[in-house]
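# An overview of the molecular structure
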2 protein chains.
Amino acid sequence: MEKTSTVAAKGRPREFCVDNALAAALGVFWSKGYEGASMSDLTEAMGITKPSLYAAFGNKEALFHKALDLYENEKLEYTREALKQPTARAVAEHFMRGAIDAQMSSCDPKGCLGVISATACGAEAASIKADVIQRRASSQAALVERFEQAKRDGDLPDHVDISGLTSYLYAILQGMAVQAGSGATRAELERVVETSLMMWPGR
Amino acid sequence: MEKTSTVAAKGRPREFCVDNALAAALGVFWSKGYEGASMSDLTEAMGITKPSLYAAFGNKEALFHKALDLYENEKLEYTREALKQPTARAVAEHFMRGAIDAQMSSCDPKGCLGVISATACGAEAASIKADVIQRRASSQAALVERFEQAKRDGDLPDHVDISGLTSYLYAILQGMAVQAGSGATRAELERVVETSLMMWPGR
DNA sequence: TAGAATATGTACCGGACGTTATGGAAAAGA
DNA sequence: TCTTTTCCATAACGTCCGGTACATATTCTA
């Protein structure tokens, strides 16, 4: 007796687009952080009232998790693209240049939502922080796997510490996010990338 | 008619040690961030009441700036020590190993107060963020100067982008702080440092 | 056309926040 | 001892927080 996703809704239809509202909420969380974003900030940016928000998304925390899903799917697509690059070096370069585009987009807040949410330290953000850290771990695991493949390909020297190299690359990405959030220019971040690539093994 | 800092205070002497209280406040800010630290958190950790806190430190923001002074003087001493190292590589290594000690001390909160405060995004933290960013800029300028000296010493190749190299090293340090605050182990951070040193030019 | 079901806007809840007024206790100088 | 100064403690202030009743409005089903 599963309800096939019928087109005809029962009651009064909502007057706002859930996807648009969620995108607006993501923008608020991204620029103000989880705790820094008040319900008033959110409802104002989303163009809805609080009861509508609670009816559609549950509560503030659930809204954040959904915004984080959207962030991963839309803004972090470059990370999945990066893993498909042919060499370890190209993977790293794609990661870093993609991070610049994502963190310095003129129409999005600066910095990385993951870094912002993981360094937010309030008590109420504990579950938020845990979610972000877990997502990062699985993303990092994928990169480890990619680098191990690179080593099998003879693309990375045998003596390389894969886990260390992965954490190292992530550290650069996170540091770039910190700097992007602190007012760094795109040119400055590009010089960080150039410097990193200068040091990267091979070529 | 300047009042020489007389030893004899007029009225009733305060019953708590200002330095100890400030150190306790630093611990709270460090682990909870500026906005995450409530006045109740602070007064409880400092062992004083709110009126005492306001009388001695002004308000929450002034207390934070003084805690930040203490943090720079005590916990970031290794950065000034690092600049005295003989080679650019030794400077970088001292920075990174010092960062591990500072960010992973067993008796201090994990991570870096500067990174935490710069990524805190609430509206009330704007002045806090500006202060932290400004301090970081002057610290970074000192490292640029040190690397320029290294270039003059023939210690860094001429083609190196000093500013890029500095931002790159800071990015690694900031990324390590993010990871330290996210539950990374000391061993993991040490592998980041080893990887970074593996790639560092020279030796 | 009645009724069920859902969305909306207003107005409000208890609680935590940073900050301060008040009142009394304690220690210094006279 | 008296005055002055500064301290400590309680309790309250006004404001904002996340979250919610309530009544009204709009759609579908029957």
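Here's a quick rundown of the structure. (Residues numbered from 1 in each chain as written. Chains lettered and ligands numbered in written order. Predicted model: local features only at pLDDT ≥ 70, side-chain atom pairs only at ≥ 80, totals over all residues. Heavy atoms only, no water.)

### A short note on the interface of chain A and chain B
How we decide: Between two residues, a contact is recorded if the distance between any of their heavy atoms is within 4.5 Å. Buried area is a sum: the accessible area each of two parts loses on coming together, probed at 1.4 Å, counted once for each and added. Think of a salt bridge as a Lys or Arg side-chain nitrogen and an Asp or Glu carboxyl oxygen that are within 4 Å of each other. In protein, a polar contact requires one atom able to donate a hydrogen and another able to accept it; more generally it is a pair of N or O atoms within 3.5 Å, and residues adjacent in sequence count only if both atoms are side-chain atoms. To qualify as a helix, a DSSP run of H or I must reach at least 4 residues; to qualify as a strand, a run of E must reach at least 2; elements of each kind are numbered from the N terminus.
Of the residues lining the interface, 36 residues belong to chain A; the matching set on chain B comes to 36 residues. Interface area, chain A with chain B, both sides summed: about 2900 Å², of which 62% is carbon and sulfur. Linking chain A with chain B are 2 salt bridges. The partner of Arg 191 of chain A in a salt bridge is Asp 161 of chain B, and the shortest N-O contact between them spans 2.8 Å. The tally of links between chain A and chain B comes to 12 residue pairs in polar contact (both at pLDDT 80 or more). Of all the elements in the fold, those that place two or more residues in the side of chain A that touches chain B are α1 (18-32), α7 (113-119), α8 (126-152), α9 (162-181) and α10 (186-199) of chain A. The greatest single-element share of the side of chain A that touches chain B, amounting to 14 residues, is contributed by α9 of chain A.

### Examining the packing of aromatic side chains
Residue and element names in this part refer to chain A. The condition that has to hold: Each Phe, Tyr or Trp ring (for Trp, its six-membered ring) is paired with any other whose centre lies within 6.5 Å, and the angle between the two planes then decides the class: stacked below 30 degrees, edge-to-face above 60, tilted in between. With a 1.4 Å probe rolled over the protein chains alone, any residue whose accessible area is under 20% of its type maximum counts as buried; one over 50% counts as exposed, and the rest are partly exposed. A ring has a charge above it when a Lys NZ or an Arg CZ is no more than 6 Å from the ring centre and no more than 35 degrees off the ring normal.
Summed over all chains, the structure comprises 12 aromatic pairs over all chains. Ring geometry for Phe 95 and Tyr 170: centres 6.2 Å apart, planes at 55°, overall tilted. Here Phe 95 is found in helix α6 (residues 88-103), whereas its partner Tyr 170 is found in helix α9, with 75 residues between them in sequence. Classification of Phe 95 as buried rests on a relative accessible area of 3%. Following the ring pairs from residue to residue traces out a cluster consisting of Phe 29, Tyr 34 and Phe 64. Just above the ring of Tyr 34 sits the side chain of Lys 60; from NZ or CZ to the centre is 4.7 Å.

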